[in-house]
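Chain and residue survey
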Amino acid sequence: MTLDYHMNEMDWESILHEAVNMGYKSHQTSTCGLHIHVNRNAFGENQAEQEEVISRILFFIEKHWNELFRFSRRSEYNMNRWSARYGYEKSGKEILQKAKDTGNRYVAVNLRNYHTIEFRLFRGTLKLNTLIATLQLVNEICRVALLFSEEEIEKMS
């Protein structure tokens, strides 16, 4: 689903309301995360193009870790357990290499899926505005990685 579809077609309000009525807890537990998958083919026509963009996504995530950690609503313990960072490096390609070398899927951006990358940073939610804001943030991170060079991302605050 595109962001537009999530926001204008998908009836998240009813779904979330029903989940609450069924007793789901989401944010009120320590084990629930909100994981967002983005198709790799959104980043380019071949693996090389896709990895260029993914390296910039990883660079953006590491550069803005403190802000994203606050937005995630996770505790430091849960962030380290379920969505750990790769660690800041001088370039996105270096971070991507670290990501490729790890066998762990419990990282902020999991690259272990064949067709998607998985953003795992976020605590679960049953609140519509939080869900939409999280989808918008992931969409914007991807958009920035597609449109801007690593040098331009480095200058962002």
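My aim in this report is to walk through the structure given alongside it, one point at a time. This one's a predicted model, so the numbers in the text were calculated from it and none came from an experiment. (Residues numbered from 1 in each chain as written. Predicted model: local features only at pLDDT ≥ 70, side-chain atom pairs only at ≥ 80, totals over all residues. Heavy atoms only, no water.)

**Describing the overall build of the protein chain**
Across its full length, the protein chain holds eight helices and three strands. Here the C-alpha atoms of the protein chain give a radius of gyration of 16 Å, agreeing with the 15 Å that 2.2 N^0.38 yields for 157 residues. Along the longest, intermediate and shortest principal axes, the C-alpha atoms of the protein chain span 45 × 35 × 30 Å. Sequence-distant contacts in the protein chain: of pairs separated by 6 or more residues, those separated by 24 or more amount to 70%. Just so you have it, the protein chain exposes about 9200 Å², and 50% of that area is on carbon and sulfur atoms. Taking the average location of the 20 positive side-chain charges in the protein chain and that of its 21 negative ones, the two points are 8 Å from each other. (Helix = DSSP H or I, 4+ residues; strand = E, 2+ residues; numbered from the N terminus. Rg over C-alpha atoms; globule rule 2.2 N^0.38 Å. Contact = heavy atoms within 4.5 Å. Areas by Shrake-Rupley, 256 points an atom, 1.4 Å probe, with all protein chains shown as cover. Lys, Arg positive; Asp, Glu negative; His and termini not counted. Charge placed at Lys NZ, Arg CZ, Asp CG, Glu CD.)

**A few points about the nonpolar core**
Judged by nonpolar contacts, the single largest core of 38 residues is most densely connected at Ile57, Leu58, Ile61, Leu111, Ile117, Phe119 and Leu121. For this core, the secondary structure elements donating two or more residues are helix H2 (12-21), strand E1 (33-39), helix H3 (47-63), helix H4 (65-72), helix H6 (92-101), strand E3 (116-123) and helix H7 (128-147). The contact partners of Ile117, leaving out residues within four places of it in the chain, are Ile36, His37, Val38, Arg40, Phe43, Ile54, Ile57, Val109, Asn110 and Leu111. (Core = buried A, V, L, I, M, F, W, Y, C linked by side-chain atoms within 4.5 Å. Buried < 20%, exposed > 50% of the residue type's maximum accessible area, 1.4 Å probe, protein only.)

**Considerations on the pairing of E1**
By the alternation rule, side chains of E1 split into Leu34, Ile36 and Val38, which are all buried, and Gly33, His35, His37 and Asn39, of which none is buried. Pairing geometry for E1 and E3, over six bridges, is antiparallel. In the strand pairing of E3, Gly33 is matched with Arg123. (Pairing = 2+ DSSP bridges.)

**A look at the pattern of salt bridges**
Evaluation of the coordinates by the stated rule reveals seven salt bridges. Where Glu52 meets Arg56, a salt bridge forms, and the shortest distance between an N and an O atom there is 3.6 Å. Here Glu52 pairs with Arg56, and both are found in helix H3, just four residues apart, close to one helical turn. Note on Arg56: relative accessible area 13%, which makes it buried. Arg143 is the salt-bridge partner of Glu140, the closest N and O atoms lying 2.6 Å from each other. Placement of both Glu140 and Arg143 in helix H7 is noted, with a separation of three residues, approximately one turn of the helix. Arg143 gets classed as partly exposed once you look at its relative accessible area, which sits at 36%. (Salt bridge = Lys/Arg side-chain N within 4 Å of Asp/Glu carboxyl O.)

Read these as layout, nothing more, since geometry by itself doesn't imply function.
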